[in-house]
Each structure stands twice: as structure tokens, then as C-alpha cells.
Amino acid sequence: IDTPDEVGRTPMFMAALHGHDPVIETLVRLGSTSIDTPTDYGYTPMYAAAKHGHVSVIETLVRLGSTAIDTPDKWGGTPMYIAARNEHNPVIETLVRLGSTAINTPNRNGYTPIYAAVCNKHTSVIETLVRLGSTAIDTPNDIDITPMYAAAIEGHVSVIETLVRLGSTAIDTPDNNGQFPIDVARERKALIALYYLGEARNDSCSFVYNEDEAAKV
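Nothing here was measured: the structure is a model prediction, and the numbers come from that model.

(A) Quick peek at the packing of aromatic side chains. Summed over the entire model, instances satisfying the criterion amount to five aromatic pairs. Taking 6.1 Å as the distance between ring centres and 40° as the angle between the ring planes, the aromatic pair formed by Tyr43 and Trp75 counts as tilted. Here Tyr43, found in the loop between helix 2 (21-29) and helix 3 (45-51), pairs with Trp75, found in the loop between helix 4 (55-63) and helix 5 (79-85); they are 32 residues apart in sequence, far enough to count as distant. As far as the burial class goes, Tyr43 and Trp75 line up, both buried. Judged by centre distance (4.9 Å) and plane angle (50°), the rings of Tyr111 and Tyr115 are tilted. Pair check on accessibility: Tyr111 and Tyr115 agree, each one buried. Here the aromatic residues Tyr41, Tyr43, Tyr47 and Trp75 are joined through ring pairs into a cluster of three or more.

Structure below.
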């Protein structure tokens, strides 16, 4: 009942991955003890449910005794992080309601949930995270690149606008080479972003990150 496959995925994990609440209930009733057992990549059933937007599975897992609400994967990504990366606002709300404290927790590269949302152009997720208490709107990653800077590199105008509206003060924060968001937008020919940054700072005027590993389940 708890025997994993070649990458460590148990029947419990697969039930969570595919959103099968009744299967999870049945496995626990029949004696399964793998409710929080991770795969070889560190993915718990909770993580799988968060990644794929299964709110009811998250609620079921917690009710049945899961304590993995903030357990990170092998690369430091929590259920909160992966929910933000995949634009699952209801999951983010549910995790917070059920006790998650990982709203600002970065992965091993320094990407917070807000950072993940910025890099994937999920403006609604940024708004949800800030509303629920995130204070990481200007928190840089491990190489001192802020969410604002990342948005400028990618030319994500709607993200830049959202960050400014929600209180970001990093519009003039340089990276560790002394480049400002407006400079990198100019270099990348992100013309619309360049215009907005110039307007926002009263001036005229592809972020490279690797999360491929964290996408695996």
C-alpha cells in the first residue's frame, strides 16, 4: 500500500497528484503511512497537490494528519512556492488558511513565491501574496536581482505596473554590477517596459534563471 515506484512515488502521492480525495481517504483507512512521504526529488503529496491546484486534496491531507504544508522539495521549493509559480491563487489562500508560514520563503536560489510569480508574469498571484501578508515584493534572489529587475529584463510591463502599485521601491535598485532595471530594459530592447520605467522614475526612456528542476513531479 506504501510501495513506491522507481522515483519514489507512492500510491498516496499519485492520488494527491491526480486530485483523488476518496483514494487518499481509503489509503489512510487501510493503513497507509505515506501521507508525507517524499519522492526522490523531495516532492510530498502536499507538494503535488499544490502544484496541480487541488485545493480539496490539500484540505484532506491536513485533516488526515499531514504536517508537510511547508515541506520543501530537493531544491527548496515549498508548496507555497510551487502554487505561486503555477498561478494557483486558491491554493495559496488555502495554504495560508491552514497554517502555512512560507509566504516569503525562498528556494535554494533565493526565489520567493513573489519572485516566482514575477518571473512567470502572474500579476494576480503577486496581488494575492501581498494581500495575504507577503513582504518580499523587493526581495532579491541569491545574485541580488530584485523582482522589479527581473520583470524589466523580461519586458513584463503588467508586472512592473503591479509591483509599483503594490509598493515596490526597487525601481532604482541596481544589480550587483550596478545596472538598473531601466538599463537592462534598454539593453534587451524591452521598449514598452523601458517607457514605463522611465515614466515611473520621471526619466526618459530573458532574465536567465533556471527553475527547470523545480518543475519536475
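(B) Spotlight on the environment of Ala170. Mapping Ala170 onto the fold places it in the loop between helix 10 (157-165) and helix 11 (181-187). Exposure remark for Ala170: the relative accessible area of 2% places this residue in the buried category. Along the chain, Ala170 and Pro181 lie eleven residues apart, while their C-alpha atoms are 8.6 Å from each other. The contact partners of Ala170, leaving out residues within four places of it in the chain, are Asp138, Thr146, Met148 and Pro181.

Rules used in this analysis
- Residues numbered from 1 in each chain as written.
- Predicted model: local features only at pLDDT ≥ 70, side-chain atom pairs only at ≥ 80, totals over all residues.
- Heavy atoms only, no water.
- Phe/Tyr/Trp six-rings, centres within 6.5 Å; stacked < 30°, edge-to-face > 60°.
- Helix = DSSP H or I, 4+ residues; strand = E, 2+ residues; numbered from the N terminus.
- Buried < 20%, exposed > 50% of the residue type's maximum accessible area, 1.4 Å probe, protein only.
- Contact = heavy atoms within 4.5 Å.

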